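Structural overview
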Amino acid sequence: GPLRSSGAADRAIATTAPNNNSTDQTTPPASVSTATNAVPPTASSNIDTSTLACGNGSQSATVTPELTEGPYFTANSPERASLLEDGTVGTKLVITGYVYTTDCQPVANALLDFWQADANGVYDNSGYNFRGHQFTDANGYYQVTTVVPGIYTGRTEHIHVKVQAPNGKLITSQLFFPGVAENDTDRIFDQGLLLAIQESSDGQQAQFNFVVPAP
Ligand code: FE
């Protein structure tokens, strides 16, 4: 069944209790809730899954397009599925999806390493804010919780990613957002790397399926 958030939800309720005048529990209004309310993979969704690689019963798909790594990759990111921290600002974004081979077989234990600018378009190049790696589960499924990245000069909204099947080729790419004006002028924007997005109760929910070369 649906996963339930635990402590964070309790705190959220406490801040709205009528007799609670404490200010030290008040969350700054612009902060993203760090509650790890996971989105179940089968949650009802208005996302058009026909655009997803290996969606709608497809038996084959092309490898996820590769794009430049850019200047801001940092090795040895922490292993974590949520890039949110206390005080993180921005629009919460939860991306879910699968890693498949080109014959649409799910890839368990595939590496996914995400990095991105914060909501103001700034990279953390001294630490690991908005950097994290994880591995797909036995079904090839992943989920990353973050915020919508800000735009910085010369680029459109994007999230960097490296994906690699166990012992497979390392694919470096970027994910893009539909409906962003700067997509039209970004020199490396690729339609095939658009997230499928819908608004959620507390931000945005997105899906993207990666396709890696058959081992
Ligand atoms: Fe970038």
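Look above for the structure.
What counts, and where the lines are drawn
Residues numbered from 1 in each chain as written. Predicted model: local features only at pLDDT ≥ 70, side-chain atom pairs only at ≥ 80, totals over all residues. Heavy atoms only, no water. Helix = DSSP H or I, 4+ residues; strand = E, 2+ residues; numbered from the N terminus. Buried < 20%, exposed > 50% of the residue type's maximum accessible area, 1.4 Å probe, protein only. Contact = heavy atoms within 4.5 Å. Polar contact = N/O pair within 3.5 Å; in protein donor to acceptor, adjacent residues only side chain to side chain. Donors = N, O, S within 2.8 Å, 3.2 Å for Na, K, Ca; no water. Tetrahedral: all angles 85-135°; square planar, octahedral: opposite > 155°, others 65-115°. Pairing = 2+ DSSP bridges. Axes fitted to C-alpha atoms, helices over the stretch in contact; angles between N-to-C directions. Disulfide = S-S within 2.5 Å. Salt bridge = Lys/Arg side-chain N within 4 Å of Asp/Glu carboxyl O.

Looking at the environment of Lys169
Relative to the helices and strands, Lys169 resides in the loop between β5 (158-164) and β6 (170-176). The partly exposed category is assigned to Lys169, whose relative accessible area is 47%. Each C-alpha atom of the pair Lys169 and Pro213 lies 7.0 Å from the other, and the pair is 44 residues apart in sequence. The residues contacting Lys169, other than those within four sequence positions of it, are Glu66, Val163, Gln164 and Pro213. Polar contacts involving the side chain of Lys169 include one to the side chain of Glu66, which spans 2.8 Å.

Some remarks on the coordination of the iron ion
Each donor-metal-donor angle in an ideal tetrahedron of four donors is 109.5 degrees, and each such angle in an ideal octahedron of six donors is either 90 or 180 degrees. Only Tyr123 (OH), Tyr152 (OH), His158 (NE2) and His160 (NE2) from the protein coordinate the iron ion, and they sit 1.9 to 2.2 Å from it. Because the angles between the four donor atoms bound to the iron ion fall within 92 to 157°, the donor set is best described as irregular.

Some words on the environment of Val94
Mapping Val94 onto the fold places it in strand β1 (residues 92-101). The exposure class of Val94 is buried, given its relative accessible area of 7%.

A word on the sheet that holds strand β2 (residues 111-115)
The sheet built from four strands is open, its strands ordered β3-β2-β5-β6 with antiparallel pairing. On the outer flanks of this sheet lie β3 (131-135) and β6, each paired with one strand and no other. On average, adjacent strands in this sheet sit at an angle of 20° to one another, irrespective of strand direction. Bridging between β2 and β5 involves five bridges; their strand directions are antiparallel. Its bridge partner lying in β5, Trp115 is registered against His160.

Looking at the side chain of Thr156
Of note, Thr156 is situated in the loop between β4 (141-147) and β5. When sequence neighbours within four positions are dropped, the list of residues in contact with Thr156 reads Ile151, Phe176, Val180, Glu182, Asn183 and Asp186.

Describing unusual backbone geometry
With the exception of glycine, the majority of residues adopt a negative phi angle, and the majority of peptide bonds are in the trans configuration. In this model, Asn109 sits at a positive phi of 60°, which is unusual for a non-glycine residue. With respect to the element layout, Asn109 can be found in the loop between β1 and β2. At Phe130, a residue that is not glycine, the phi angle is positive and equals roughly 60°. Its location among the elements puts Phe130 in the loop between β2 and β3.

What to know about the state of the cysteines
All told, the structure shown has one disulfide when counted by the stated rule. With a sulfur-sulfur separation of 2.1 Å, Cys54 is cross-linked through a disulfide to Cys104. Looking down the S-S bond of the Cys54 and Cys104 bridge, the torsion is -85°, so its handedness is left-handed. Of this pair, Cys54 sits in the loop between α1 (7-15) and β1 while Cys104 sits in the loop between β1 and β2, placing them 50 residues apart in sequence. For the pair Cys54 and Cys104, a shared accessibility class is recorded, and that class is buried.

Quick notes on the pattern of salt bridges
It is possible for side chains bearing opposite charge to pair when their charged atoms get close. For the structure shown, the criterion picks out five salt bridges. One salt bridge connects Asp202 with Lys92, and the closest N-O pair in it is separated by 3.4 Å. Taken together, the positions of Asp202 in the loop between β7 (196-200) and β8 (203-207) and Lys92 in strand β1 put the pair 110 residues apart, joining distant regions of the chain. Here Lys92 falls in the buried class, since its relative accessible area comes to 4%. A salt bridge links Asp186 to Arg155; the nearest nitrogen and oxygen atoms lie 2.7 Å apart. Of this pair, Asp186 sits in the loop between β6 and β7 while Arg155 sits in the loop between β4 and β5, placing them 31 residues apart in sequence. What makes Asp186 buried here is its relative accessible area of 8%.

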